[in-house]
Amino acid sequence: MKKTMKYTAWTLALLMFILSIAGCTDKAYNSYDRKGEPYDYYLPDYVKVCDYTGIKIPNISYTPSQQDIENAMRIDLAVYSPFTKDVDRGCAQGDRVVISTTCTIDDVVYEYLTFETNSQGEGHSFILGTNEFDIPQLEEEIVGMKKGEDKKITFTFPDPYYRDLLRSGKEATIEIHIDRVDEINLLEDTEEFYEERLGTSREGREIEIRSNLKKRYDQYLASYKVILTWQYLIDNSKLLQVPEKEYDEKYESLLDRYRNMAQSENISLKEYVKDVFGYDDIEKFYDFLKSEAEQECFEDMILYYIARCENLKFDDAYYESALLSYGEQYELTDDAEVEAFLDHYNLLPDFQETTQYRYVQEWVADQANVLEDVTTVRSDKLK
């Protein structure tokens, strides 16, 4: 009996030691100087953060396929080809199709695939059969539809869906209206076409397209580790209680934002909410804002918890790089000049908070365990 108790005590002591080095201890958390920061109280009472080191993520990369390149070259040809506008038949591969759509995921509008009609009553124009949306299933469903026809389609995003990795493998619904179908009499794919129209050889254009595609998709994937690790934290952490002060501030800030948007369009908030969100009852919109404010507080607290546990604060080099990156859009090339610009417009505190946010997210992503043999977001090996 004594032996059993001895081994049990030893095992418990070992377990406590492992936990102390694997997670965030009170000592580590409390040693961080949080004076003056938002959420400057004991966050473990408010949020339970999952293990944030070694999060499993897939190895996602993109290399243009020959089909991707041929699709782009076909668009080149279509741009310069003669066409018959507004034909009265079902659309076919190679036609220019104009569509208006509303796409939803879990009953929430997905803006990337939602195209409203313009003042001419038309939405988004594309060449059918060129994988415009990186969703082959979507174009397959459009084939055969005529002008004025409506169709509701349920589809699944490819995995990975490079343009929006968090949607990979998810199901969505899209309502499609055909605004117009143009029949294109496609020019021949000849060396003369590329030399005369584009001032390059066919091979040169192919090289250019390959390079452009790689750059575009690399931009989609530039932050994929941050996106996937942060989503994992949100999905696997738990909100214990809502911080009243920060919650109230965020709710009022969100409400003011939408009030200003409504005012800029010279309509009431109730009218704006109905037009943009489809809410007939404004109380439902207020409930939506409350859930948004709560979610923002939850994500903020995850970030501040990790920062305090790991004593994470961006250094001068990181801050200067962030300033210069921000300044590019205004053609500012000196970090002190950018900082003065932000300060002048009262944007500096928000910029510094965003920079810290990004710094912590990138730190978590750097600790991730990239599974080299896993190339899809929804793989069971990531669970």
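Note that this is a predicted model, so its numbers are computed, not measured.

What counts and what doesn't
Residues numbered from 1 in each chain as written. Predicted model: local features only at pLDDT ≥ 70, side-chain atom pairs only at ≥ 80, totals over all residues. Heavy atoms only, no water. Salt bridge = Lys/Arg side-chain N within 4 Å of Asp/Glu carboxyl O. Helix = DSSP H or I, 4+ residues; strand = E, 2+ residues; numbered from the N terminus. Expected span 1.5 Å × (residues − 1). Buried < 20%, exposed > 50% of the residue type's maximum accessible area, 1.4 Å probe, protein only. Arc of directions from axis to C-beta. Contact = heavy atoms within 4.5 Å. Polar contact = N/O pair within 3.5 Å; in protein donor to acceptor, adjacent residues only side chain to side chain. Core = buried A, V, L, I, M, F, W, Y, C linked by side-chain atoms within 4.5 Å. Axes fitted to C-alpha atoms, helices over the stretch in contact; angles between N-to-C directions. Parallel < 35°, antiparallel > 145°, perpendicular 65-115°, else oblique. Left-handed = near helix turned anticlockwise from the far one by under 90°. Patch = residues over 30% accessible without salt bridge, like charges linked within 9 Å, V, L, I, M, F, W, Y side chains within 5 Å. Areas by Shrake-Rupley, 256 points an atom, 1.4 Å probe, with all protein chains shown as cover. pLDDT = per-residue confidence, 0-100.

Trainee: I'm lost on the pattern of salt bridges in this one. Help?
Mentor: Any two side chains of opposite charge can pair, given that their charged atoms come close. For the structure shown, the criterion picks out 24 salt bridges. The shortest N-O distance in the salt bridge between R167 and D164 comes to 3.2 Å.

Trainee: What is the right way to read helix 8 (residues 244–264) from this model?
Mentor: Helical geometry: 3.6 residues make up each α-helical turn, so side chains three or four residues apart lie on a common side. With 21 residues, helix 8 should reach 30 Å at 1.5 Å per residue; the first-to-last C-alpha distance of 30 Å fits that figure. All buried positions along helix 8 are accounted for by E246, Y247, K250, Y251, L254, L255, Y258 and A262. Buried residues along helix 8 cover an arc of 165 degrees about the axis, so they all sit on one side. In helix 8, the exposed positions that point more than 90 degrees away from the buried face belong to K245, Q263 and S264. The elements touched by buried residues of helix 8 are helix 9 (269–277) and helix 10 (282–310). Immediately beyond the C-terminal end of helix 8, within one or two residues, lies N266, with a positive phi of roughly 60 degrees.

Trainee: Looking at this structure, how should I read the environment of Y41?
Mentor: Mapped onto the fold, Y41 is located in the loop between helix 2 (26–30) and strand 1 (47–48). Note: C-alpha distance between Y41 and S237 (196 residues apart in sequence) is 18 Å. In this structure, Y41 is in contact with Y29, R34, Y46, P243, E246 and R308, ignoring residues within four places of it in sequence. Side chain to side chain, Y41 and E246 meet in a polar contact 2.8 Å long.

Trainee: Looking at this model, I keep getting lost on the nonpolar core. Mind explaining?
Mentor: Buried together is how nonpolar side chains tend to be arranged in soluble globular proteins. The biggest cluster of nonpolar side chains holds 58 residues, and the ones touching the most others in it are L233 and I306. Secondary structure elements with two or more residues in this core: helix 3 (66–80), helix 5 (191–197), helix 6 (202–221), helix 7 (224–236), helix 8, helix 9, helix 10 and helix 13 (348–366). Setting aside chain neighbours within four positions, we find I306 in contact with V49, Y52, L233, L312, V360, W363 and V364. Ranked by size, the runner-up nonpolar core spans 25 residues in total, among them V87, L128, F157 and I178.

Trainee: In this structure, what is going on with the packing of helix 10 against helix 13? I would like to understand it.
Mentor: Between two packed helices, both the angle of their axes relative to each other and the distance between the axes serve to describe the pair. Two elements in contact, helix 10 and helix 13, have axes separated by 10 Å at closest approach and are oriented at 70 degrees. Accordingly, the angle class assigned to the pair helix 10 and helix 13 is roughly perpendicular. Crossing handedness for the pair helix 10 and helix 13: left-handed. In this structure, helix 10 uses E299, D300, L303, Y304, I306, A307 and E310 to contact helix 13, whose residues at the interface are E353, Q356, Y357, V360, Q361, W363 and V364.

Trainee: In this structure, what is going on with the side chain of S379? I would like to understand it.
Mentor: Mapping S379 onto the fold places it in the segment after strand 10 (369–371). Given a relative accessible area of 15%, S379 falls into the buried group. There is a polar contact of 3.2 Å between the side chain of S379 and the backbone nitrogen of K381.

Trainee: Explain a nonpolar patch on the surface to me, please; I cannot follow it from the model alone.
Mentor: Together, I75, V79 and Y80 give the surface a local cluster of nonpolar side chains, amounting to about 250 Å² of exposed area. Structurally, the position occupied by Y80 is in helix 3.

Trainee: Explanation requested: the confidence of the model for the protein chain in the structure shown.
Mentor: Any region with low pLDDT has predicted coordinates that should not be read closely. Averaged over all residues, the pLDDT of the protein chain is 91; the fraction at 70 or higher stands at 93%. Here residues 1–7 is modelled with pLDDT under 50, and outside its nearest four sequence neighbours on either side it reaches 0 contacts, counting other chains as well. Segment residues 11–22: pLDDT under 50, and 2 contacts once partners within four positions in sequence are set aside and those in other chains are kept.

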